[in-house]
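# Structure assessment
Single-letter residue listing:
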Amino acid sequence: MSSEHDPNLPPSTDEPNVTEAAAENSSHVSPTIVSQAQSAVGAATAVARAPEPANVAGTVVPANAPDTARVPNQASDSSGATPEIASGEAAATEVPEAESSETMDQLLDQFSTPQVAAEGEIFDGHVLAVTDAGVVVDVGGKFEGLVPAQEFADSGVEVQFGPGQTIEVERLHEQRDGYVLLSHVRAHRRRVWERIEKSHREHASLTGKIVERIKGGLVVDVGVRAFLPASQIELRPVHDLEGWKDRQIEVRVLKLNRKRGNVVVSRRAILEEEQNAKRDALAATLSEGSVVKGRVKNITDYGVFVDLGGMDGLLHVSDLVWGRVPHPSTVVQPGEDIEVQILKFDKEKQRLSLGRKQLLPDPWATVPERFTVGTRVHGKIVGVTDYGAFVQIEPGVEGLVHVSEMSWSKHTKHPSKIVKTGDEVEVVVLEVKADQRRISLGLRQTLPDPWEAAAEKYPVGSIVAGRVRNLADFGAFVEIEEGMEGLIHISDVSWTERIKHPSEKFKKGDSIEARVLKVDSQNRRLSLGVKQVNDIWANWFSAHKLGEVIKGKVARTTDFGAFIELADGIEGLCHISEIEEHRVKGERDKTKLPRDARVTSVLTAGQEYDFKILRLEPEQRKISLSYRAAQKQAEKQDMESFRSSRSSPNATIGDAILAKRQLI
């Protein structure tokens, strides 16, 4: 500091007035900031100009001297400056010009005019205060803004900011009470839409809260109200939408329209991506025949769906356990962890066929040793079909009782009329095919065979009662007891009538009586006869003998003879050879009549003639007659009678005929 400087000289006019400069540049700054800047600049200027403490005579005063020593003279000079300031001004002239200039530039830079943000720009500001007018925000540009309280009231958002917190705002074009108006809601909405658009563009996920259930789905708050369709909530349909309210979930934007404010989101898209990723990773580790663990996901009538950790496989009911399963739910339950084997894997269609029984002991491995042919076993009817019934003889081992092996009767019934599901039965093993997993069983083999005692129970000649079961062209089948039927041949229906079909006499269901004609137990055959029940032939045969001449009526004629009715229901046959007289060969050639005409020329249907019995066959009910022999016998008797009446041993047959004519 130079002692030559005059302390009474006024301050240099070359130094800038920092206070005025700061004031001029504060037209766009709040009054508070301008006041602070002016105070700081004034203080800095005073410090820069202040001289070292000295006494009036220029003697340096120690720094620890009392204030009275520092300011001995409080009077002002003509310029209005105190002696100390004047002395300081003189001392300031001795400060290097470069140092003073550098200090002023720094102060000017520090309090330079702030650059006000452009309209529509978004800032992160710091809350200075919360007033009735709104939230005062310092956005870091040496100016303050105001978020009006009305904005929070209109949007329904409570003011949750306090001094020192960060708030996102957007500058508006208006100003109020010296503040630049800001909008937090608009800034927030812009940020939200930018985030939603970016998420949609980059296929990224958003986190939101389910706030409401509406028709067809849910409303998710992702910054804006977004629609989540019910079909996009889960991989499978969701029925209880109320249970999803207030849950935080991740969603993917499917569609958006910023102009209309519409956003459609999906949770299913995220789940499908996760599932596909797990499925691809799992598929690389799977192979047919491998054993894996899974969890029962769903149960149906035809099987169980098992989740293997990213991929579902079907465990068919037939591969669940060895044997018949009434329903898969009787074996496993949803959520149960089970071990399964991969039976088939279609990588292209991503289909898995699983098996569980393959990991269990196979009961068929020892079936041939445990169930030999002829063995009697007890079992339970587990299924009835048109062709038989299935019997479970142990868990996992079933056999078939064919309908033909259910009863000794040839008249087969539907299996459901013999047994029903759940019945406990005793059966006999008839055949075992372990390689085909088949066992043939018999039910009738456990019942008495009626044919074993048929001969003793139904001897030949006995009368039996039965019901007509079936009709054939050759006769009628009659069931006389369960499992035993007899045949009434058409020839054993009537002694006299010529039956062309048994339906002329019988119909199904008729109850009839018949006589046992023959019993063949080995071939299971029984011959019956209806006409034998009333045996008129036995009485007739007992009353007649060979050579007897009897009267009979011609019932009908044929080309080989005539049937003669000898009694009611009894007929005999007179052959054509027993009708005509024997002629010489030359005479026979002269008569060219047909055979039937030759019969009718002698015998007329409906007329009675004498016939001689030539042959009797009681067993076959056959009688052979002769018209010619009866005539010869009659002529012989006439001759003998004529000779006795004439007493002439030389009388001839011609004489006897003439005598007979004369009498007539």
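Residues numbered from 1 in each chain as written. Predicted model: local features only at pLDDT ≥ 70, side-chain atom pairs only at ≥ 80, totals over all residues. Heavy atoms only, no water.

## Topic: the overall build of the chain
In terms of regular secondary structure, the chain is built from 15 helices and 30 strands. Within the chain, the proportion of its 664 residues that are buried is 35%. Restricting to contacts in the chain with at least 6 residues of sequence separation, those with at least 24 account for 57%. Surface exposure of the chain reaches about 39,800 Å², of which carbon and sulfur atoms provide 49%. (Helix = DSSP H or I, 4+ residues; strand = E, 2+ residues; numbered from the N terminus. Buried < 20%, exposed > 50% of the residue type's maximum accessible area, 1.4 Å probe, protein only. Contact = heavy atoms within 4.5 Å. Areas by Shrake-Rupley, 256 points an atom, 1.4 Å probe, with all protein chains shown as cover.)

## Let's talk about the nonpolar core
Of all hydrophobic cores here, the largest spans 22 residues; its most connected members are Leu286, Leu308, Leu315, Leu352 and Leu354. Listing elements by their share of this core, those giving two or more residues are helix H8 (268-283), strand S11 (291-299), strand S12 (303-307), strand S14 (337-346) and strand S15 (351-355). Residue contributions to this core peak at four residues, all from S14. Ignoring sequence-local partners within four residues, the contact set of Leu352 consists of Leu286, Leu308, Met311, Asp312, Gly313, Leu314, Ile342, Lys344 and Phe345. Within the second largest apolar cluster, 21 residues are counted, among which are Trp540, Ile570, Leu625 and Tyr627. (Core = buried A, V, L, I, M, F, W, Y, C linked by side-chain atoms within 4.5 Å.)

## Some details on the sheet that holds strand S26 (residues 549-558)
Judged by pairing direction, the barrel is mixed, and its five strands sit side by side in the order S26-S27-S28-S30-S29 before closing back on the first. Across the sheet, the mean angle from the axis of one strand to that of its neighbour is 50°, orientation sign disregarded. Relative to strand S30 (residues 622-626), strand S29 (residues 608-617) is paired through five bridges, and the arrangement is antiparallel. Bridging across to S30, Arg615 finds its partner in Ser624. (Pairing = 2+ DSSP bridges. Axes fitted to C-alpha atoms, helices over the stretch in contact; angles between N-to-C directions.)

## As for the confidence of the model for the chain
Where the model shows low pLDDT, its predicted coordinates should not be examined in detail. Per-residue pLDDT for the chain has a mean of 77; in total, 75% of the residues score no lower than 70. The model gives residues 1-96 a pLDDT under 50, and that stretch makes 74 contacts with residues more than four places away or in other chains. Ignoring residues within four places in sequence, the model shows residues 110-115, a span with pLDDT below 50, making seven contacts including any to other chains. (pLDDT = per-residue confidence, 0-100.)

## Notes on the pairing of strand S25 (residues 525-529)
In the sheet, strand S23 (residues 484-489) pairs with S25 via two bridges, with the strands oriented parallel. Considered in S25, the bridge of Leu487 is made with Ser527. Relative to S25, strand S24 (residues 511-520) runs antiparallel, the two sharing five bridges. In the strand pairing of S25, Val516 is matched with Leu528.

## Digging into the pairing of S12
Two faces make up the sheet, and in a regular strand the side chains alternate between them. The sheet contact formed by S11 and S12 spans four bridges and is antiparallel. Counterpart to Arg295 in the pairing with S12 is Asp307. In sequence, S11 turns back onto S12 through a hairpin of three residues. In the sheet, S12 pairs with strand S13 (residues 312-316) via five bridges, with the strands oriented antiparallel. When the sheet's bridge partners are listed, Gly303 is paired in S13 with His316. Between the end of S12 and the start of S13, which pair antiparallel, lie four residues, with Gly309 showing a positive phi angle near 100°.

## A look at the pattern of salt bridges
Applying the stated criterion to the full structure yields 26 salt bridges. For Lys297, the salt bridge identified is with Asp312, shortest N-O distance 2.9 Å. Within this pair, whereas Lys297 is found in strand S11, its partner Asp312 is found in strand S13, the two being separated by 15 residues in sequence. The class for Lys297 is partly exposed, based on a relative accessible area of 35%. Note that Glu394 is salt-bridged to Arg370, the shortest N-O span being 2.7 Å. (Salt bridge = Lys/Arg side-chain N within 4 Å of Asp/Glu carboxyl O.)

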